[in-house]
Every structure is written in C-alpha cells, then in structure tokens.
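Overview (structure and organization)
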Amino acid sequence: MKTEILKRHQFHPVVPFDLTKQNVYNIDLTENNTDLHEIDLTNTEIFNEYVFRKIKEANAVCAIGGYLENRYIYRRSEHFQQTEEPRSIHLGVDIWAEAGTPVYAPMKGIVHSFANNDNFGDYGPTIILEHILEGETFYTLYGHLNLECLEGLYEGKNIEAGDKIAEFGNFPINGNWPPHLHFQVMTDMLGKKGDFPGVCEPSKQDEFAEICLDANLILM
C-alpha cells in the first residue's frame, strides 16, 4: 500500500516547527467544540482571534489537526454547501500559525499545477507538487498561501526537498481564513489542476480516504 511507502521515508519538515517535540495545540473544529457555537465564524477577524488566543493559552508554537475531522466550521461558507449533501469531512491536515510562516517541500518533485482559488472559504493561493517514491506517484497540496508564491511558477518546475515554496497567507488573500497551511497528500489528481477537494461529503469519506492519505505520515 502507498501508506507503507510513506512510512518508510524520512521527509524534510514542511514548517519550521518540530511537530513531534514542540508544544502543539490540537484544535477541535467539530460540532463538539461548543466555543464555535458562540462566535461568528463568518467574521474572519473574530475567528482569527479565537484560534490564536487558544494557541497562546496553550503556550504552543502552532495548532494542528483535521484529518478526516467532521468540521462544524464549514457552515461559515457557501463554498461547502453547494451540493445536496454539505461537505464537512476534512481531507488534509491544517497547521495554524502566523502569516509569513515559511512552507518547505518535504521531498523532491516538480510543480504539478497551481492557482489562486479565491472564493470565500476556498484555498486562496494553492500549489500542488508531484513526487515519485519507490516508483509510485504522490501529490502534495499546499493551500492558503501568500499570493507572491505563485510568481514565477510554472508546471514542471523542479523542486528539491527543503526548498521554500511559499509562506502562510493572511486573510482575505488566503481564502479568508485565519492564517494556516492546508497540507494534503493525494495518490490521484482525478484530472484536476490547481485545485483538489480538501473537504468531502460524509457519505464519500471512505472513497476519498483511499485517495487522500493521512498527511501526518509526512508531517510527523
């Protein structure tokens, strides 16, 4: 299985935090977190204040979480309500930290595609890299980036492990979210470029979990 390939490899850190050793706050963005019922999630400044207050209270360097989490927060945006069954299952891992935090490539690859997905609640500036490990192709997606990271990019551009590819973007440029990186690992792009679902309908969780592997296998 492709997950076993990822387990056999060591990767360059994607962010400048040691997510296994430094104090990291595991943020709960599900309906079970009653804090979320009390704040206006459609107001990004209020949402931002909440996220960074929780990080500070935990004396943490960042907050992290999300793989296959059934998230309450997507009710803030019509972007996730466009299908008969609203999308709420998060397919990547989010790292919440200050805008300007650098983002590094975890392994050698090429630029598969990129785009500025600028709907409210979308990825904002997005980069997708293509990698080959043990003869198998993987893709890594980086969402909510700074706009400048897209300058000079082109499909097929060589990327080395440890290359700085972007920074965390700030709202509203980053899709209007508190600053964070959405990091996702896919085994199939399904013909898409510059974008890939980062959230799916609950009924499609098993289907997408086969394609979107646990990004913690690279991050940790």
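Remember, predicted model here, so these are calculated numbers, not experimental data.

1. Digging into the overall build of the protein chain
On a plain count of helices and strands, the protein chain comes out with four helices and 13 strands. For the protein chain, whose C-alpha radius of gyration is 16 Å, the value lies close to the compact-globule estimate of 17 Å for 220 residues. For the protein chain, with 220 residues in total, the buried portion stands at 53%. Sequence-distant contacts, at least 24 apart, represent 74% of the contacts inside the protein chain between residues at least 6 apart. Taking the average place of the 17 positive charges on the side chains of the protein chain and the average place of its 34 negative ones, the gap between the two points comes to 4 Å.

2. Some remarks on the pattern of salt bridges
For the structure shown, the criterion picks out twelve salt bridges. Residue Glu-201 is joined to Lys-204 by a salt bridge in which the shortest nitrogen-to-oxygen separation is 3.8 Å. A residue is classified by how much of its surface remains accessible, and Glu-201, at 10% relative accessible area, is buried. Given the relative accessible area of 34%, Lys-204 is considered partly exposed. Overlapping salt bridges bring together Asp-35, Glu-49, Arg-53, Lys-54 and Glu-57 as one network.

3. Notes on the environment of Gln-22
With respect to the secondary-structure elements, Gln-22 resides in the loop between α1 (2–7) and β1 (24–26). With residues near it in sequence (within four places) discarded, Gln-22 still touches Pro-16, Phe-17 and Val-61. One polar contact links the side chain of Gln-22 to the main-chain amide nitrogen of Asp-18, over a distance of 2.6 Å.

4. Regarding the packing of aromatic side chains
Under the defined criterion, the tally for this structure stands at three aromatic pairs. Among the aromatic residues, those joined into a cluster by ring pairs are Phe-47, Trp-96 and Trp-177. In this structure, Lys-2 packs its charged tip against the face of Phe-138, placed 5.7 Å from the ring centre.

5. Thoughts on unusual backbone geometry
Look at the link from Phe-171 to Pro-172: it is a cis peptide, with omega at 5°. On the secondary structure map, Pro-172 appears in the loop between β10 (164–167) and β11 (180–186). Positive phi, normally seen in glycine, also occurs at Leu-68, with a value near 60°. Within the fold, Leu-68 resides in the loop between β2 (62–65) and β3 (89–90). Under the relative-accessibility criterion, Leu-68 is labelled partly exposed at 26%. At Leu-190, a position not held by glycine, the phi torsion is positive, near 55°. With respect to the secondary-structure elements, Leu-190 resides in the loop between β11 and β12 (199–200).

6. With respect to the pairing of strand β6 (residues 109–117)
Summarising the sheet, β6 and strand β9 (residues 158–159) pair through two bridges and their orientation is antiparallel. Residue pairing in the sheet places Gly-109 in a bridge with Ile-159 of β9. With seven bridges connecting them, β6 and strand β7 (residues 124–133) associate as antiparallel partners. When the bridges of β7 are listed, Ser-113 appears paired with Ile-128.

7. With respect to the nonpolar core
Of all hydrophobic cores here, the largest spans 37 residues; its most connected members are Val-14, Leu-19, Val-103, Tyr-142, Leu-181 and Phe-183. Residue assignment for this core shows that the elements contributing at least two residues are α1, β2, β4 (93–96), β7, β8 (136–143), β10, β11 and α4 (216–219). Beyond its immediate sequence surroundings of up to four residues, Phe-183 is in contact with Val-14, Gly-92, Val-93, Pro-106, Thr-140, Leu-141, Tyr-142, Ala-215, Ile-218 and Leu-219. Counting residues in hydrophobic clusters, the runner-up holds 17 residues, among them Ile-27, Phe-47, Tyr-72 and Trp-177.

8. With respect to the side chain of Lys-54
Looking at the element boundaries, Lys-54 is found in helix α2 (residues 44–57). In this structure, Lys-54 is in contact with Tyr-25 and Asp-35, ignoring residues within four places of it in sequence.

9. Section: α2
Between its first and last C-alpha atoms α2 spans 20 Å; for 14 residues at 1.5 Å apiece the expected length is 20 Å, and the two agree. Residues of α2 that are buried include every one of Thr-44, Phe-47, Asn-48, Tyr-50, Val-51, Phe-52, Lys-54 and Ile-55, and no others. Buried residues in α2 make contact with β1, β2 and β4. Of the residues that open α2, the one with a side-chain oxygen 3.1 Å from the backbone nitrogen of Glu-45 is Asn-43. Asn-59 sits one or two positions beyond α2 and adopts a positive phi of about 55°.

Conventions used here
Residues numbered from 1 in each chain as written. Predicted model: local features only at pLDDT ≥ 70, side-chain atom pairs only at ≥ 80, totals over all residues. Heavy atoms only, no water. Helix = DSSP H or I, 4+ residues; strand = E, 2+ residues; numbered from the N terminus. Rg over C-alpha atoms; globule rule 2.2 N^0.38 Å. Buried < 20%, exposed > 50% of the residue type's maximum accessible area, 1.4 Å probe, protein only. Contact = heavy atoms within 4.5 Å. Lys, Arg positive; Asp, Glu negative; His and termini not counted. Charge placed at Lys NZ, Arg CZ, Asp CG, Glu CD. Salt bridge = Lys/Arg side-chain N within 4 Å of Asp/Glu carboxyl O. Polar contact = N/O pair within 3.5 Å; in protein donor to acceptor, adjacent residues only side chain to side chain. Phe/Tyr/Trp six-rings, centres within 6.5 Å; stacked < 30°, edge-to-face > 60°. Lys NZ or Arg CZ within 6 Å of the ring centre and 35° of its normal. Pairing = 2+ DSSP bridges. Core = buried A, V, L, I, M, F, W, Y, C linked by side-chain atoms within 4.5 Å. Expected span 1.5 Å × (residues − 1).

No statement about biological role is implied by the geometric values presented.
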